[in-house]
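Survey of secondary and tertiary structure
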Amino acid sequence: MGVIDDYCGVSDYFLRAVSLPDRELFARFDSGHRPGDDAVERRLFGRWAQLRLSLGSAGGHEYDERVLETAREVAEGDTPWTVEDVRFLWSAAHGLMAWRHTNYLELYRIPLAATRSVGHADRRQILKGEPDWFRRYHRAVWDTVGDQLVELLTEPPEHGPAGVVRNLVWDFDPIARAMAEEYGPRLADPAVLPLLKHWTRAKSSKPGDKWLATARSLLTDDAVELVREILTRVAAHREQTFQHRSAEGYEWKTTVFLDERTAVPMRGMVWTCALIDRPWVPGLLGDVALTCGVGIGGTGANCRSEKLANAAVNVLALRGGLDGVGALARVQAKVRKKTVLQNVARTLDAVAGEAGLSREQLLDRTVPTFGLGPDGVREEKVGDYLVRLHADGPALSFVNPAGRTVKSAPQAIRKEPMLAELKATLKELRQALPAERFRLERALIEERMWRWRDVVAYFLDHPVTGGYARALIWQILQGPAGVPVMTDSGWELTDPLGRRIQPYPDTPVLLWHPIRESADDVRAWRDHLMELGVRQPYKQAFREVYLLTPAEERTGTYSGRFAGHVLRYGQAKALLNQRGWADLSIGHWDYECGGDQGEAVKELSGWRARWGMHVAADPDEDGWGTASYCGSEELRFHRDGEERPLAEVPPLVLSEVLRDADLAVGVASVGLDQQALGGHEDYWHSYGFGELTESAQTRRDALTRLLPRLKIADRAELTDRFLRVRGELRTYKIHLGSGNILMEPNDAYLCIVPGRQGSAEPVFLPFEEDGGMLSIILSKAFLLADDTAITDPGITRQLTT
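Now for a quick tour of the structure. (Residues numbered from 1 in each chain as written. Predicted model: local features only at pLDDT ≥ 70, side-chain atom pairs only at ≥ 80, totals over all residues. Heavy atoms only, no water.)

1. Remarks on the overall build of the protein chain
Of regular secondary structure, the protein chain possesses 33 helices and 23 strands. If you line up the protein chain on its principal axes, its C-alpha atoms span 105 × 70 × 60 Å. Residues counted as buried form 52% of the 801 residues belonging to the protein chain. When the accessible surface of the protein chain is split by element, carbon and sulfur atoms take 49% of a total near 36,600 Å². (Helix = DSSP H or I, 4+ residues; strand = E, 2+ residues; numbered from the N terminus. Buried < 20%, exposed > 50% of the residue type's maximum accessible area, 1.4 Å probe, protein only. Areas by Shrake-Rupley, 256 points an atom, 1.4 Å probe, with all protein chains shown as cover.)

2. Digging into the packing of aromatic side chains
Counting across every chain of the model gives 20 aromatic pairs. A network of ring pairs unites the aromatic residues Trp-90, Tyr-108, Trp-133 and Phe-134 as a single cluster. The cationic tip of Arg-47 hangs over the ring face of Phe-88; the distance from NZ or CZ to the ring centre is 4.5 Å. For Arg-100, the ring lying beneath its charged end belongs to Trp-99, and the centroid distance is 5.0 Å. (Phe/Tyr/Trp six-rings, centres within 6.5 Å; stacked < 30°, edge-to-face > 60°. Lys NZ or Arg CZ within 6 Å of the ring centre and 35° of its normal.)

3. Description of the nonpolar core
One finds Trp-611, Phe-637, Leu-723, Leu-750 and Leu-784 to be the most contacted residues of the largest nonpolar core, which totals 84 residues. Counting residues per element, this core draws most heavily on helix α32 (residues 773-785), at 10 residues. Non-local contacts of Leu-723, meaning those with residues more than four positions away in its chain, are made with Leu-707, Ala-716, Glu-717, Leu-718, Tyr-732, Lys-733, Ile-734, Leu-736, Ile-777 and Ala-781. Core analysis: the second largest hydrophobic core is formed by 66 residues, Leu-196, Ala-215, Leu-284 and Leu-308 among them. (Core = buried A, V, L, I, M, F, W, Y, C linked by side-chain atoms within 4.5 Å. Contact = heavy atoms within 4.5 Å.)

4. Quick notes on the sheet that holds strand β11 (residues 500-501)
Backbone-to-backbone hydrogen bonds join strands into a sheet, with any given pair of strands oriented parallel or antiparallel. Spatially, six strands are ordered β7-β12-β8-β9-β10-β11 in an open sheet, and the strand pairing comes out antiparallel. The two strands at the open ends of the sheet, each matched to only one other strand, are β7 (450-451) and β11. Alignment of strand β8 (residues 474-476) against strand β12 (residues 508-511), held across three bridges, turns out to be antiparallel. When the sheet's bridge partners are listed, Gln-475 is paired in β12 with Leu-510. (Pairing = 2+ DSSP bridges.)

5. A word on the sheet that holds strand β20 (residues 722-726)
Strand order in the open sheet formed by five strands is β19-β20-β21-β22-β23, with antiparallel pairing between adjacent strands. Each edge of the open sheet carries a strand with a single partner, namely β19 (716-718) and β23 (748-750). Across the sheet, the axes of successive neighbouring strands diverge by a mean angle of 30°, strand direction being ignored. The sheet contact formed by β20 and strand β21 (residues 731-735) spans five bridges and is antiparallel. Bridge pairing in β21 places Arg-724 opposite Lys-733. Along the sheet, helix α30 (residues 681-689) contacts β20, β21, β22 (741-744) and β23; its crossing angle with β21, the most-contacted strand, is approximately 100°. (Axes fitted to C-alpha atoms, helices over the stretch in contact; angles between N-to-C directions.)

6. With respect to unusual backbone geometry
The residue after Gly-393, namely Pro-394, is reached through a cis peptide bond having omega -20°. That bond from Glu-744 to Pro-745 is cis: its omega, 10°, falls within 30 degrees of zero. Looking at the element boundaries, Pro-745 is found in the loop between β22 and β23. The residue Phe-370 is not glycine, and still its phi comes out positive at about 60°. Along the chain, Phe-370 falls in the loop between α22 (359-365) and β3 (377-382). Even without a glycine there, the phi angle at Asp-583 is positive, about 75°. For Asp-583, the position within the fold is in the loop between α28 (569-578) and β15 (597-604). In this structure Asp-583 comes out as partly exposed when scored by relative accessible area, which is 46%.

7. Notes on the pattern of salt bridges
The tally for this structure, following the rule as stated, stands at 66 salt bridges. Three or more residues are tied together by salt bridges with common partners; here these are Arg-437, Glu-441, Lys-539, Arg-543, Glu-544, Arg-579, Lys-602, Glu-656, Arg-659 and Asp-660. (Salt bridge = Lys/Arg side-chain N within 4 Å of Asp/Glu carboxyl O.)

8. Side note on the packing of helix α9 (residues 130-137) against helix α10 (residues 139-153)
α10 packs onto α9 with a crossing angle of 160° between their chain directions and a minimal axis gap of 9 Å. On the basis of their axis angle, the class for α9 and α10 is roughly antiparallel. The interaxial crossing formed by α9 with α10 has left-handed handedness. Where α9 approaches α10, its residues Pro-131, Phe-134, Arg-135 and Tyr-137 are matched on the opposing element by Arg-139, Val-141, Trp-142, Val-145, Leu-149 and Leu-153. Class assignment for the residues of the contact of α9 with α10 results in eight nonpolar, no polar and two charged. (Parallel < 35°, antiparallel > 145°, perpendicular 65-115°, else oblique. Left-handed = near helix turned anticlockwise from the far one by under 90°. Nonpolar A, V, L, I, M, F, W, Y, C, P; charged D, E, K, R; others polar.)

9. So, the environment of Met-418
Assignment of secondary structure puts Met-418 in helix α23 (residues 417-445). Other than its neighbours up to four places away in sequence, Met-418 contacts Arg-378, Glu-380 and Val-382.

10. Considerations on α10
At Val-145, α10 shows its largest kink, close to 60°. Listed in full, the buried residues belonging to α10 are Val-141, Trp-142, Val-145, Gly-146, Leu-149, Leu-152 and Leu-153. Elements that come into contact with the buried residues of α10 comprise α5 (83-98), α6 (104-107), α7 (109-115), α8 (120-126), α9 and α11 (160-169). (Bend = angle between axes of the 7 residues up to and from the residue.)

11. Side note on the pairing of strand β5 (residues 395-399)
Of all five residues in β5, four are buried, a share of seventy percent or more. The pairing of strand β4 (residues 385-390) with β5 spans five bridges and is classified as antiparallel. When the bridges of β5 are listed, Leu-389 appears paired with Leu-396. Linking two consecutive strands that pair antiparallel, namely β4 and β5, is a turn of four residues; a positive phi of about 145° is found at Gly-393 within it. In this sheet, strand β6 (residues 405-406) lies alongside β5 in antiparallel orientation, the contact comprising two bridges. Residue pairing in the sheet places Val-399 in a bridge with Thr-405 of β6.

12. Here we look at the environment of Tyr-687
Structurally, the position occupied by Tyr-687 is in helix α30. Assessed through its relative accessible area of 11%, Tyr-687 is described here as buried. A C-alpha to C-alpha distance of 9.8 Å links Tyr-687 and Gly-666, two positions 21 residues apart in sequence. Each residue touching Tyr-687, except ones within four places of it in the same chain, is listed here: His-565, Val-665, Gly-666, Ser-669, Gly-671, Leu-672, His-735 and Ser-738.

13. So, the packing of helix α15 (residues 209-218) against helix α17 (residues 260-272)
At a minimum axis distance of 10 Å, the contact between α15 and α17 shows a crossing angle of 80°. As summarised for this structure, α15 and α17 are arranged roughly perpendicular, according to the angle between their axes. Contacts between α15 and α17 involve Trp-211, Leu-212 and Ala-215 from the first element and Gly-268, Trp-271 and Thr-272 from the second.

14. Focus on the environment of Arg-639
As for its placement among the helices and strands, Arg-639 is situated in strand β17 (residues 629-639). Considered as a pair, Arg-639 and Ala-617 are 22 residues apart in the sequence and their alpha carbons are 33 Å apart. Leaving out residues up to four positions away in the same chain, Arg-639 has contacts with Ser-605, Gly-606, Trp-607 and Arg-644. At 3.2 Å, the side chain of Arg-639 and the backbone oxygen of Gly-606 are in polar contact. (Polar contact = N/O pair within 3.5 Å; in protein donor to acceptor, adjacent residues only side chain to side chain.)

Take a look at the structure:
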């Protein structure tokens, strides 16, 4: 028996990486061979000496003196250790320690000595979790070797300020490295260093009075600026992905936003913002909460750092007042993590309660104007130039002394402080606009009610929200509806027939929804808005309506309307998260406990919708991780903890939930792919060329109004499922759901990758910007109507076969 066979530890995974030549050398060491000057042999002998400390399955404390002499000889020698050697030694020692080997001083003698031969950065990587692990779970080990560990991990004074900072925050992410390398001299300054140490002790969920009192006593003007500069970097920071390969050959990836040792002092800085009375604080806290509160890549129902997101929200709550409401509104619009959203809601409710308002009333009243005038424009004289900030865009424009508008900032004013301020305001405006659009769409879905005077004051007359609100249809409760029009006597509502009404100030109004209207009224509004050229901030007049079908009446408690689809899981999950769904997490893990099955959940008006999903992808191709594709299942509705029949679900709730499902399918279905996914060919063909969903029907309705206005009107016609386009070479059928194309007369498939077909003439679209499916269909139609001008060989080859 040799050292490998005799080794008896809790874990021996590290031994699997020992190669056959190394095992043969270990066997020679077992037989009495000793290394000469060869570096490799000396290193492997050190590994062998560590394994030799195994006392068998019973463990123990006492060693043969010859074993100890060998271990001490290795520890005191000058072996040219590598980082992998050091990792091996620590793994071997840990395994024995956990298997009742109690002579910790001898057990860790070689690992500690080997660690001294590598740099501090490698030491931190190797020993990242050991100090806390020993202190928490193996106190006797810590009492024996803890002082040596601390000494190993502490950089000496000659490493300067950067070393001082690294001793506190280490260097596992870009923020920590910047703190040491860029901010080191300021953070290590004797006037600031005590506060940095205090920040590293911010380990509870909220700051206590004692913690804040200490921070207040240590806070200096330079520390305030450091808080601002470093947290600004955190708000702009994004995660990094690292590729790893184990000694056994296993490969994996890790994605890191902030290491725990960085997140703790960052939380301390966030808490310190509760003590800083500067105008930049609420906005910066909002930026930190937004960056940290969203998931990897900026979307998803998880957080980059839930710890920091909640800390920022908590400090906004602690500060109180109305100046943080705008920041909280941005977080509420973008973040989908339940715990963070609940925290935001509690904070808003508390501030609203102090003001005697509801949460939504508070948000209405605290939307910043950014200094914009009633027309949504702010003008500032900067040098000899006039700089304009536009809510429409939003954007900056520059007017030179000759009165000519230029797009980019002139060189003469680029260093002007006022221009820097306007650029900062533009950034804030770009963040505020999506939040306001989100609030207005949520108000439509939740059938929120206002008094007319509040609509005028906080929406129609507001320079930020007004751009959206003035393009929407407003309705008097159980009465007429209209688009807002300004007259000499104030705002009035005008309907498609030109009839006007000016509601009384106390008149209750809400946003018009097509679910409450007749088909004729909906058509009239669509025609009217198209005629006016009004682009709404979201689909309102052209909003899809999903009524209960006979099939759903028969099934009773579930809808199978969007079951049976194969979706790109990541894309579907991201879209659903953006629309308020949560809890969906499936993959190739824990099959026995249902890890491959899950559901997306949405709360709306007291109802809970559940949409089942399952993995629909090969586990080997997915690396046995998160699913790449999922299959959709039935939709069910619950209220008060019980599943309810679909007939009991309010029509608007049913319609909006099914609309979300339709949107997810319309964006993430593999039926949209240019080629069928292996194993799903039948689904690809049925979705790519089959019956239209409600969203595709709405697209068809819009095209009915658009086609007569287009220069290709004489070459295009609508059928039940296709836009049929007559070219010179072939006639083409573009499916209104998928955008896929068939060519007559034999229905041959034509593959055109979106984005390669060139741009069409500018076309007004009533409800989507360029890049949506309606845009793609029109772009393909313009291209194919002039098919003799196509030069892309990837397309022309298909036209002539």
